[in-house]
Amino acid sequence: MYNTIYPVNIKPYVPPQKKPAAANGEETSQTSDLQRGNRGLEEYQKRDKNNYQTPQYPNGKKASIDYSKSRVNIAQIINDFKNTAQAIGTPDYIVEEVDQYLAMAQTQSLKDEPNKKLIQTNLKNASSILDDFISKTLNKNSKVVENWIDALFLQQVDYKFDENVINPDFLVKLPGKDNSKALAIAEKNAEKNTQENAPAAAEQLPAQTTTEPSKSKTIYIPENPEIKKAFIQGKRLATANESQKALAAFGFALNIAQNTNDKQAQSMVCFEIGQIHDKNDNLEQALQYYHQSLETASDNNLKAKAYYSMAEIYNDIVYFEPAMNHYYAAISFAGQAENLNAQTKALGNIAQMYAERYDKNNAIEYFHIAKGIAAETKNNKTLGAIYSKSGDTMKMLEENVNALNDYKESSRYYEMAESPVKMAKNYEKAAYVMSKLGNSAKAKSLMQKAYNIALSANSDYAEIIAAELTKI
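Residues numbered from 1 in each chain as written. Predicted model: local features only at pLDDT ≥ 70, side-chain atom pairs only at ≥ 80, totals over all residues. Heavy atoms only, no water.

## Some points on the packing of aromatic side chains
Here comes step 1: In this structure the tally under the stated criterion is 7 aromatic pairs.
Here comes step 2: Where Tyr308 meets Tyr327, the ring centres are 5.7 Å apart and the plane angle is 65°; that geometry is what we call edge-to-face. Of this pair, Tyr308 sits in helix H13 (residues 300-316) while Tyr327 sits in helix H14 (residues 320-336); the two residues are 19 residues apart in sequence, bridging distant segments of the chain.
Here comes step 3: Judged by its relative accessible area of 0%, Tyr327 falls in the buried class.
Here comes step 4: Each member of the aromatic cluster is reached from another via a ring pair, and the members are Phe320, Tyr354 and Tyr366. (Phe/Tyr/Trp six-rings, centres within 6.5 Å; stacked < 30°, edge-to-face > 60°. Helix = DSSP H or I, 4+ residues; strand = E, 2+ residues; numbered from the N terminus. Buried < 20%, exposed > 50% of the residue type's maximum accessible area, 1.4 Å probe, protein only.)

## Side note on the environment of Lys124
Here comes step 1: Position of Lys124 among the secondary structure elements: in helix H5 (residues 116-138).
Here comes step 2: It is 6.5 Å that separates the C-alpha atoms of Lys124 and Glu146, two residues lying 22 residues apart in sequence.
Here comes step 3: Not counting the four nearest positions on each side in its chain, Lys124 is found in contact with Glu146, Ile149, Asp150 and Phe153. (Contact = heavy atoms within 4.5 Å.)

## Some points on H14
Here comes step 1: Across its 17 residues, H14 extends 25 Å between first and last C-alpha, which sits within 8% of the 24 Å expected from 1.5 Å per residue.
Here comes step 2: The element H14 is extensively covered by neighbouring structure, given that 15 of its 17 residues are classed as buried.
Here comes step 3: Phi turns positive, to about 55°, at Glu338, one or two residues after H14. (Expected span 1.5 Å × (residues − 1).)

## Quick word on the confidence of the model for the chain
Here comes step 1: Per-residue pLDDT for the chain has a mean of 77; in total, 74% of the residues score no lower than 70.
Here comes step 2: Here residues 1-69 is a poorly scored stretch, pLDDT under 50, and it has 201 contacts once near neighbours within four places are set aside; other chains count.
Here comes step 3: Low confidence marks residues 190-218, where pLDDT is under 50. Its contacts with residues over four positions away, or in another chain, come to 98 contacts. (pLDDT = per-residue confidence, 0-100.)

Shown next as structure tokens:
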């Protein structure tokens, strides 16, 4: 398979639109999710068009990921398509039909100004034919080739044909296929085309091989005793909200890590410094340290967390495209680390971003994908959180029936997770929706159930619900 931007755990991952990224499955409140607080929509609305300066990303450009390095040429895609068709034993008459569409795509790509839509259409037609053959062969519906093409279209594709431009991150490695020529070209252009931190793309294809992704989720503690001591001290001070002292401790740890060339320690310390700046709304500094963390990071979970944190900043200050790009990168590395919880949360945030722009179809589609990933975790808290978040979003979109169904499912999962307070909160939110629909009797019944659950859990939250009961 390719090094995937859409991890193998997503079965299948079909992005609904042209560009698709704390990962512990815990639920956040509706207020914090839908109203971005002091640095969110209010900040956006208060911008002075003459004086406000758009925050620059860490490299001084309009993106903190250099996506030019993840560019793939159409020639490579067409060649890989042909190789894949041969590798899976496609009959000659089907290969000929596929080649007709590939030839039309190539002809268009050789023009001075290639028509992107025509090229994409021909590749989609070719993928449909190949998927039909796979489906009949396996006696099971398959869209694996179409998904692969869709994933590639999300990348920075150069539609001007040039077979001398090879990006090894996108290179299909087929058994028995000599890729030495392509690899030689890739090596020649390595400085231009390769990258270590930005995600490579594509969907899983038959008869492909790849390196086993990192499965490590162990919390990293530096081995160097001086770094370790300063790192733990910094964590303790940060937890106690002693930001300046924590920054001093982490700064000391970072200095030693740089002097000893301990890249793993550097990436961890930079991430922690970024977290402190993030918490204190020093957004530019936070972005700089998250980006610096990525430059030395080797752990995919850390990369996912850094990209996710950057996405949250861009989301909070209402920068849609960079937020999306970073969420997608977070999804990519979380997938390589087989971190389904992180994928679920990032997908849910993408869905919510669409909802905040009242793009109902994409919001519903992304929540559908997120719920599917959450189901694979078999973690009831993760499932409870994503259904509750979906319910909050559906309520905002006036999709009240969907909201009620989501709250019902969330309560069910939280019951199985033995999280009574969160279960009660979902019943409370369902009561508000029911009241909005004009069914006050049912609303009161739901609120009463929320109260009983909270009371049985000996939670102070029962007092809050008791006060709400008097208002229904």
